[in-house]
Amino acid sequence: MTEIDSPTRESIAFRSGLDVVRAVEPQVADAIAAELTDQRRSLKLIASENYASPAVLLAMGNWLSDKYAEGIAGRRFYAGCRNVDTVETLAAQHARALFGAKHAYLQPHSGIDANLVAFWAVLSQRIESPVLSRSGVRHVNDLSEADWRVLRRALGEQRMLGMSLDAGGHLTHGFRPNISGKMFEQRSYGTDPETELIDYEAVRAAARAFRPLILMAGYSAYPRLIDFRRMREIADEVDATLVVDMAHFAGLVAGKVCTGDFDPVPYAHIVTSTTHKSLRGPRGGLVLCDETFAEQVDRGCPMVLGGPLPHVMAAKAVALAEARTSGFRDYAAQVVANARALADGLARRGTRLVTGGTDNHLCLVDVSGYGLTGRQAETALLDAGIVTNRNAIPRDPQGAWYTSGIRLGTAALTTRGLGTDGMEETADLIDTVLRATVPGPGINGKPSRAAYFLAEETAARVRSRIADLLAGHPLYPEIDLDSRL
Ligand SMILES: *Cc1c(COP(=O)(O)O)cnc(C)c1O
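Residues numbered from 1 in each chain as written. Predicted model: local features only at pLDDT ≥ 70, side-chain atom pairs only at ≥ 80, totals over all residues. Heavy atoms only, no water.

1. Quick notes on unusual backbone geometry
In step 1: For the peptide bond that leads from Cys301 to Pro302, omega is 10°, which places it in the cis range.
In step 2: Although it is not a glycine, Arg280 sits at a positive phi angle of roughly 65°.
In step 3: Mapped onto the elements of the fold, Arg280 is located in the loop between strand E9 (270-274) and strand E10 (285-289).
In step 4: For Arg280, a relative accessible area of 18% translates into the label buried.
In step 5: Even without a glycine there, the phi angle at Arg395 is positive, about 55°. (Helix = DSSP H or I, 4+ residues; strand = E, 2+ residues; numbered from the N terminus. Buried < 20%, exposed > 50% of the residue type's maximum accessible area, 1.4 Å probe, protein only.)

Have a look at this one:
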């Protein structure tokens, strides 16, 4: 059937939706349409991004957004939350079934918010400091304004042990630019200098010396699986609460790539996640836990969250339903097979990969062998139509801004339908660009860690190869915005 005879439901939905927006503010409609064109053209290797399904996208664009629904399903501070209760309950049911968790909280607006919910839950559940009892308060949730000042001092004594940023940890795991670094005294564990893998004995030694309240596990840029059984043993040994942030690899847990000791849910006291990375849902977060922390977790709003986003919870329910299908398991397995093919393709071309390869959805490329900083590599690749992000590597001599690394993830391209052959071509495209790029002098001819030179003919040739590669794998093939209805 041709498009003229029968536009798809998706084409009708998105075209009509944009027409409605265009009637009020055409520039917004144009930007939304242009974003689709940009995403279709680019070879997206950003490890934290994906493409949500039309059903997920459409579940967000509606009047559920108009509701206030503070509280939890069945116990709201606002009237008329019947339908919000339905979507939040459904999303929680899907999350519990998908991950095998006792309790699921779907309100966090983002991954950072999910972590804040978890941290406050631990503080609320576990802290009965002498300072609190001296002020006659039994619980952090009963604090008066004066008590807060006391608490802030008390919180300064609480400790968090997390993975260091250059080893792949996340800002929310106790680092200064994030509030977690102000709430907790932080210490980090890194990776082994030789293997670049987590050294569990070193984590154990750090935990025994530091005795954290919270042991964090999880990452944004570590290309291997984590043994959560060992992490839990370490936490138990020092009476710490194990919080696992699976923001990056939730899709691999959902798709049963991370099973046994590599599945965080049976081992962590609390699991936090985003819903928009490998899980392929709407932008947002979630928290999983057992009965011990459930009541405190459910106080996420209003403790650290504003009113829930019912339209996003609706989209989470749709995405979690998708993630429960066998198709999603195939997807997760392909994401990992693709990451391995990409890593192998680069390694065969002489590129150094941190840890030598990957077991998950991402690889971390050390671009210093090309004589480049991560910053130079990132911008040169972008000129050639390859979207990545620079990322520090362990013990990075170039620091966190310029870096020596490029992080590559396969979750998005796998959604587009690319397989291992496509990854082989992608590896060759990346290697071609990086070989052809040379550091350039900055302003005033001074050496610069940002300036570079890449011949426009090379960039153009790579862009045309990308167009060929992507032509066979159209993004949102069911959506055509160009022809009129
Ligand atoms: C992406 C990420 C987050 C933050 O998610 P946002 O939705 O951007 O707030 C938290 N933790 C880890 C490990 C992440 O990778």
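2. Here we look at the site of the ligand
In step 1: What surrounds the ligand is a group of 14 residues, the closest being Gly111, Ile112, Ser220, Asp245 and Lys277.
In step 2: At 3.4 Å from a nitrogen atom of the ligand is found a side-chain nitrogen or oxygen belonging to His170.
In step 3: For the ligand, whose free accessible area comes to 380 Å², the fraction covered by protein is 86%.
In step 4: Tallying contributions element by element places helix H5 (residues 111-126) first for the shell around the ligand, with 3 residues.
In step 5: The residue inventory of the shell around the ligand, partitioned by class, reads 3 nonpolar, 9 polar and 2 charged. (Near = heavy atom within 4 Å. Polar contact = N/O pair within 3.5 Å; in protein donor to acceptor, adjacent residues only side chain to side chain. Areas by Shrake-Rupley, 256 points an atom, 1.4 Å probe, with all protein chains shown as cover. Nonpolar A, V, L, I, M, F, W, Y, C, P; charged D, E, K, R; others polar.)

3. Quick word on the nonpolar core
Nonpolar side chains in soluble globular proteins tend to be buried together.
In step 1: In terms of nonpolar packing, the biggest core is built from 62 residues, with Phe99, Leu106, Leu215, Met231, Phe249 and Leu288 touching the most fellow members.
In step 2: Counting residues per element, this core draws most heavily on helix H4 (residues 82-99), which supplies 7 residues.
In step 3: Looking at which domains feed residues into this core, each of domain 1 (63-323) and domain 2 (326-471) gives three or more.
In step 4: Not counting residues within four places of it along the chain, the set of residues in contact with Phe99 comprises Met246, Ala250, Val253, Ala254, Val265, Leu279, Leu288 and Leu320.
In step 5: Membership of the second largest hydrophobic core comes to 33 residues, among which are Met423, Ile430, Val462 and Leu470. (Core = buried A, V, L, I, M, F, W, Y, C linked by side-chain atoms within 4.5 Å. Domains from an automatic or database assignment. Contact = heavy atoms within 4.5 Å.)

4. Description of helix H9 (residues 200-210)
In step 1: Within the sequence span of H9, burial applies to Tyr200, Val203, Ala207 and Phe210. Along the long axis of H9, the arc covered by the buried residues comes to 100°, so they all point the same way.
In step 2: Contacts from the buried residues of H9 go to strand E5 (159-163), strand E6 (185-189), strand E7 (214-218) and helix H10 (228-237).
In step 3: A distance of 3.1 Å separates the backbone nitrogen of Glu201 from a side-chain oxygen at the start of H9, and that oxygen is part of Asp199.
In step 4: Among the residues trailing H9, Arg211 stands out with phi positive, at a value near 50°. (Arc of directions from axis to C-beta.)

5. Section: a nonpolar patch on the surface
In step 1: Taken together, Val21, Val28 and Ile32 make up a surface patch of nonpolar side chains, about 210 Å² in accessible area.
In step 2: Residue placement: Val28 occurs in helix H2 (residues 26-41). (Patch = residues over 30% accessible without salt bridge, like charges linked within 9 Å, V, L, I, M, F, W, Y side chains within 5 Å. Salt bridge = Lys/Arg side-chain N within 4 Å of Asp/Glu carboxyl O.)

6. Focus: the domain arrangement of the protein
In step 1: For the protein, the domain assignment lists domain 1 (63-323) and domain 2 (326-471).
In step 2: Placing the centre of domain 1 and that of domain 2 at their C-alpha centroids yields a distance of 31 Å.
In step 3: With 28 residues of domain 1 at the interface, the matching set in domain 2 holds 29 residues.
In step 4: Carbon and sulfur atoms make up 56% of the area that domain 1 and domain 2 hide from each other, which totals about 2200 Å².
In step 5: Seen at the junction of domain 1 and domain 2, the total is 2 salt bridges.
In step 6: Here Glu196 and Arg352 are joined by a salt bridge, their closest N and O atoms 3.1 Å apart.
In step 7: Taken together, the links from domain 1 to domain 2 amount to 15 residue pairs in polar contact (both at pLDDT 80 or more).
In step 8: Those elements giving two or more residues to the side of domain 1 that touches domain 2 turn out to be helix H11 (250-254) and helix H14 (310-323).
In step 9: Top contributing element to the side of domain 1 that touches domain 2 by residue count: H11, with 3 residues. (Buried area = accessible area lost by both parts, 1.4 Å probe.)

7. Digging into the packing of aromatic side chains
In step 1: As enumerated under the stated definition, the model contains 7 aromatic pairs in all.
In step 2: Between the aromatic rings of Tyr51 and Tyr476, the centroid separation amounts to 6.4 Å while the plane-to-plane angle is 80°, which identifies the pairing as edge-to-face. With Tyr51 in the loop between strand E1 (43-44) and helix H3 (54-60) and Tyr476 in the segment after helix H20 (456-471), the pair connects residues that are 425 residues apart, well separated along the chain. Accessibility assignment for this pair places Tyr51 and Tyr476 in one class, buried.
In step 3: One cation-aromatic arrangement involves Arg280 over Tyr331; the distance from NZ or CZ to the ring centre is 4.2 Å.
In step 4: Cation over ring: Arg390 sits above Trp401, and NZ or CZ is 4.5 Å from the ring centre. (Phe/Tyr/Trp six-rings, centres within 6.5 Å; stacked < 30°, edge-to-face > 60°. Lys NZ or Arg CZ within 6 Å of the ring centre and 35° of its normal.)

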